[in-house]
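Residue-level structural notes
Single-letter residue listing:
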Amino acid sequence: MGPSRQSSGLLDTLKMESVRTILADTYTYPHQHSRHAIIAVVVGCLFFISFDNMYTFIQGLDTNIKWWSMYTCLFGFFYFFSSPFVGKPITPSYSNFSRWYIAWILVAAVYHLPSLQSMGVDLRMNLSLFLTIYISSIVFLLVFHLAFIGLWYLGLVARVAGKRPKILTILQNCAVISIACCVFYSHCGNRAILRERPFERKHSGWFSFWKKEERNTWLAKFLRLNELKDQVCSSWFAPVGSASDYPLLSKWVIYGEIACSGPCDGSSEEISPIYSLWATFIGLYIANYIVERSTGWALTHPRPIEEYQKMKKKQLKPGFLDMVPWYSGTSADLFKTVFDLLVSVTVFVGRFDMRMMQAAMSLPQAKAQEDLLYDHFSEKDEFWFDFMADTGDGGNSSYSVARLLAQPSLRVKGADSVRSLPRGNLLLIGGDLAYPNPSAFTYEKRFFRPFEHALQPPPWYKDEHIAVKKPELPDGVPDLKHYDGPQCFVIPGNHDWFDGLNTYLRYICHKSWLGGWLMPQKRSYFALQLPKRWWIFGLDLALHDDIDVYQFKFFSELIMDKVEENDNVIIMTHEPNWLLDWYWNETSGKNIGHLVRDHLKGRCKLRIAGDLHHYMRHSFIPSEKPVHVPHLLVNGCGGAFLHPTHVFSNFSKFYGNSYEMKAAYPSYEDSSRIALGNILKFRKKNWQFDTIGGVIYFVLAFSMFPQCHLKHMLREDTFSGHVTSFLGTVWDAFLYMLGQSYVSSAAALVLLIIAVCFVPTKLSRRKRLTIGLLHVSAHLSAALILMMLMELGVEMCIRHKLLATSGYHTLYEWYRQVEREHFPDPTGLRARLEQWTFGFYPACIKYLMSAFDIPEVMAVTRSNICKNGMESLSRGGTVIYYASMFLYFWVFSTPVVSLVFGSYLYICINWLHIHFDEAFSSLRIANYKSFTRFHVNRDGDLEVYTLAVDKVPKDWKLDPKWDGEPKQPNEMSHRRKYPSKWRAAITRQDPVDTVKIIDQFVIRRTDNTDLQNNGHSS
């Protein structure tokens, strides 16, 4: 088909604003090409350097096996440090910083080892060349960007250019350019005239199969790619010409080295191919940047609008937040949480209680009944409602539960059949709405956002709206009894009280919508009258683990006036005091106990709570004693990290009655197995802990640097002798620390106090002291062993004259010598640059090389200290020495401190059954999520179904059914067939398809008088 539209102007047809939108950068910040460039450079390194040195490597493998073993250990250790960052996007973050940091100190350490030279690879030239080109590229691109921004300011380029580039993007692109030039130098050198070199092969003892008669074997053909390398150098990357071809630029170019078999007469007139390559890369960068920023066009063809809209929907992501990093040493949220908790405990507990303010605002009595008692559900024939708790942690897990709650119905597999469970008319949330602390950011991003994606709020809803008079019903609905949509009631948890309940009141009591759930609630506690004489009491425990006297007064009077003898009551609290009192060997909730035993008198059929992020149900064992609460249910799997169940396996008594465990999710066996992740995954899940762990270990070993008398360890002839001498030296260092090292001794003492206080108070003081002492001993031993290994490695390199040979500027002095030989400068360009920059340019290169060569700085300073004493160093020299030691010691220590601490948590949780919160918050497990769905049937019995999802999806996509469903302008979202916006990117992992019933039971209507008399229920 031919085109049917009329000819028009290109810009008018394409609509440049749309084109700019189509071609918008998909990265987190613009103009980022480093990821693909780095991949290309790595492939180039593997191709050129590997094939160039393959034969030399094979030849030297016989004699270098010990060095290759050292390389294997070194690279393995550095990989262990950097493993948490593998696969993460290259963005301005700690993970990106760690990549460059590791690359820096690893290369700086590796190039000092002699085996690289024995394999024919000399990294010194590559490193010094890299630093020179890197600095030159940064200076050049910074000048370019400043000039470009100046042109934008003057209005000479398009407004798109006004968005400034990230400095990290410039640094990464400069690094890529520098690496590419270094790869070229390793491959082709700096020769202006390249001649073919014969490919000579020699015999290798380990590879005796390589013989002359096997020239055509696959390995021979593989190694003959070295000839292809020479052809690439001479053909593709040949010099661009001589200086005479560019007379205006002849004084500004770098010249190449003449390839002569002997001495060369005169100097080269050919431009350096490395300079040509660098100029080409810089030119491409500038050209691409100008085209993108000036016109909005990328170097590609624009897509049609319709195609782009489809592609855009496929690429849409919800942008959920990750699980809270509880062991982060750099999280401002966690420090704020600690501060808020201290303020709440110090100021509010026992002094000011927001619940008293709510009670005062509810006077007189009629006003209190109106604000706290809701009976609009009581006339229904049957009733469905849901319960969840502890949401607002990771967005994936919170949305998974919210998506299930929002579905009009769920088809779930039971023990015998498949059932369809309709959505609850009521949603109860049992506290801890957002982690780690209550704030506008955490409530909006971690709590409201997932629910709004699962069930959208009404079209007229505004985020900034404050509900003055609740309930705020849709137009045409006279009262709550006639509203047919789902409703939500929420009690606060301990995390919601960290700011004195301020955020909770603003977002729960003064907002009307949680997504598509109406919130009529006005206070932090309430009573709901359900059909068939069922009641729900929602209690606010604050930070006291109990209700206050005003709540007690309201509920006791309600029981006296409204709750009849054969009514049934469900009490909802945030904390399950039956489990926590047993665990901590304490007694809490005395007012609640008084309310249940002496006022309800057997009418409380079920207690539900959250706080513990697992599912457990205990039911009473029939006996002659009166039963106050037949069933105890904990379900805190609403989105927060997982808690263990096996720690509470021995619970059996509450209010004088015996109970047995009926269901646990995850199972005791799975819970114990999951705890093993503390050993294997602690650092991967909590790499932000590096800041704390690395500093602690360095302070513990601070006073032991340097160890100048280690020669006796190298004189031993046997392995056992080396080990014995090594451990003896470590012990001597420990005694030195106790006797003469004030800094390390004080650090060890402070760490011991912290470790003892960290042990749960449920144990005796003697046990706490023993556990804390063993814990600190493990850390101190690890720190001393790492310190000794590091010192021993430096000592060996010094003895073999690999370090501390000629001073701090060894790399720079060597480079200047080689530079004069391989990079001729007949026009005096370097001298002019040095003169015009007042010596700054060469000084910058000099000190940058010294800063890069950390092992040399460390070894030279250590040698000076061992010869002349610590007093010989200036204050600045002392700072430089300890800073250089810290750069390496931090890398060595952070994986070890995580391993030791993770092992401590594993031993405590599985053997001692302590630290259930600390040992599982470290794992940040988003899986094993559940909620409980209740059904008051027509007979008045309460059917209870607990629905769970074992695995939470990590990736989401726009649900095509939601997107394709027709939507009316003012249609409420609960009336839609497909209410949730996102579904799992992998269909078989979607919560709607994987949800299952993990527990099911029925609480039947009984004569409460009989239950009190004989302790049996029907």
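Scroll up to find the structure.
Residues numbered from 1 in each chain as written. Predicted model: local features only at pLDDT ≥ 70, side-chain atom pairs only at ≥ 80, totals over all residues. Heavy atoms only, no water.

**Section: the overall build of the protein**
Per the secondary structure count, the protein includes 37 helices and 21 strands. Counting all 1018 residues of the protein, 52% fall into the buried class. By sequence separation, contacts in the protein at least 24 residues apart represent 81% of the contacts at least 6 residues apart. Of the roughly 48,100 Å² of accessible surface on the protein, a fraction of 59% belongs to carbon and sulfur atoms. (Helix = DSSP H or I, 4+ residues; strand = E, 2+ residues; numbered from the N terminus. Buried < 20%, exposed > 50% of the residue type's maximum accessible area, 1.4 Å probe, protein only. Contact = heavy atoms within 4.5 Å. Areas by Shrake-Rupley, 256 points an atom, 1.4 Å probe, with all protein chains shown as cover.)

**Description of the pairing of strand S11 (residues 568-572)**
Moving residue by residue along a regular strand, the side chains alternate between the two faces of the sheet. Within S11, five of the five residues are buried, which leaves the element mostly enclosed by the surrounding structure. Alternating residues of S11 divide into Asn568, Ile570 and Met572 and Val569 and Ile571, and every residue in both groups is buried. The pairing of strand S10 (residues 534-538) with S11 spans five bridges and is classified as parallel. Bridged to Ile536 within S11 is Ile570. Regarding the hand of the β-α-β motif, the stretch spanning S10, helix H19 (residues 549-561) and S11 is right-handed. Note that S11 and strand S12 (residues 604-609) share four bridges and pair parallel. From the neighbouring strand, Met572 faces S12, where its bridge partner is Ile608. (Pairing = 2+ DSSP bridges. Right-handed = clockwise from strand over helix to strand, strands pointing away.)

**Observations regarding the sheet that holds strand S16 (residues 657-665)**
Across the sheet, which stays open at both edges, the nine strands sit in the order S1-S9-S10-S11-S12-S14-S13-S16-S15 with mixed pairing between neighbours. Single-partner strands in this sheet number two, and they are strand S1 (373-374) and strand S15 (653-654).

**A short note on the packing of aromatic side chains**
In the structure shown here, the tally under the stated rule is 60 aromatic pairs. On the basis of an interplanar angle of 70 degrees and a centroid distance of 5.4 Å, the ring pair of Tyr327 and Phe682 is categorised as edge-to-face. Remark: Phe682 occurs in helix H23 (residues 677-685) and Tyr327 occurs in the loop between helix H12 (305-315) and helix H13 (332-348); sequence separation between them is 355 residues. Of the two residues examined, Tyr327 and Phe682, each falls in the buried class. Members of the aromatic cluster, joined through ring pairs, are Tyr101, Trp104, Phe698, Phe702, Phe705, Tyr881, Tyr882, Phe886, Phe889 and Trp890. The ring centre of Phe1001 lies 4.0 Å from the NZ or CZ of Arg617, which sits over that ring. (Phe/Tyr/Trp six-rings, centres within 6.5 Å; stacked < 30°, edge-to-face > 60°. Lys NZ or Arg CZ within 6 Å of the ring centre and 35° of its normal.)

**Observations regarding helix H33 (residues 875-912)**
Across its 38 residues, H33 extends only 48 Å between first and last C-alpha, which sits more than 12% below the 56 Å expected from 1.5 Å per residue. Maximal helix bending in H33 amounts to about 35 degrees, located at Phe889. Looking one or two residues past H33, His913 carries a phi angle of roughly 60 degrees, positive in sign. (Expected span 1.5 Å × (residues − 1). Bend = angle between axes of the 7 residues up to and from the residue.)

**What about the state of the cysteines?**
Structurally, a disulfide amounts to a covalent bond that connects the sulfur atoms of two cysteines. Taken as a whole and assessed by the stated rule, the structure comprises one disulfide. Across the disulfide, Cys708 is cross-linked to Cys866 (sulfur-sulfur distance 2.1 Å). In this structure the cystine formed by Cys708 and Cys866 twists about its S-S bond by roughly -85 degrees; its chirality is therefore left-handed. Of this pair, Cys708 sits in the loop between helix H24 (690-701) and helix H25 (711-714) while Cys866 sits in helix H32 (residues 854-868), placing them 158 residues apart in sequence. (Disulfide = S-S within 2.5 Å.)

**Comments concerning the pairing of strand S13 (residues 615-620)**
Among the six residues of S13, six are classified as buried, and the element is accordingly described as predominantly covered. Where burial is concerned, the two faces of S13 agree: the one with Tyr615, Arg617 and Ser619 and the one with Met616, His618 and Phe620 are both buried. The pairing of S13 with S16 spans six bridges and is antiparallel. Its bridge partner being in S16, Phe620 is matched across the sheet by Tyr659.

**Comments concerning the nonpolar core**
Ranked by internal contacts, the top residues of the largest apolar core, which has 99 residues, are Phe385, Leu426, Phe537 and Leu942. Of the residues forming this core, the biggest block, six residues, is contributed by H33. The residues contacting Leu942, other than those within four sequence positions of it, are Phe385, Trp534, Ile570, Leu606, Phe934, His935, Val936, Phe1001, Val1002 and Ile1003. Grouped together as the second largest cluster of nonpolar side chains are 94 residues, Leu129, Val776, Ala782 and Phe823 included. (Core = buried A, V, L, I, M, F, W, Y, C linked by side-chain atoms within 4.5 Å.)

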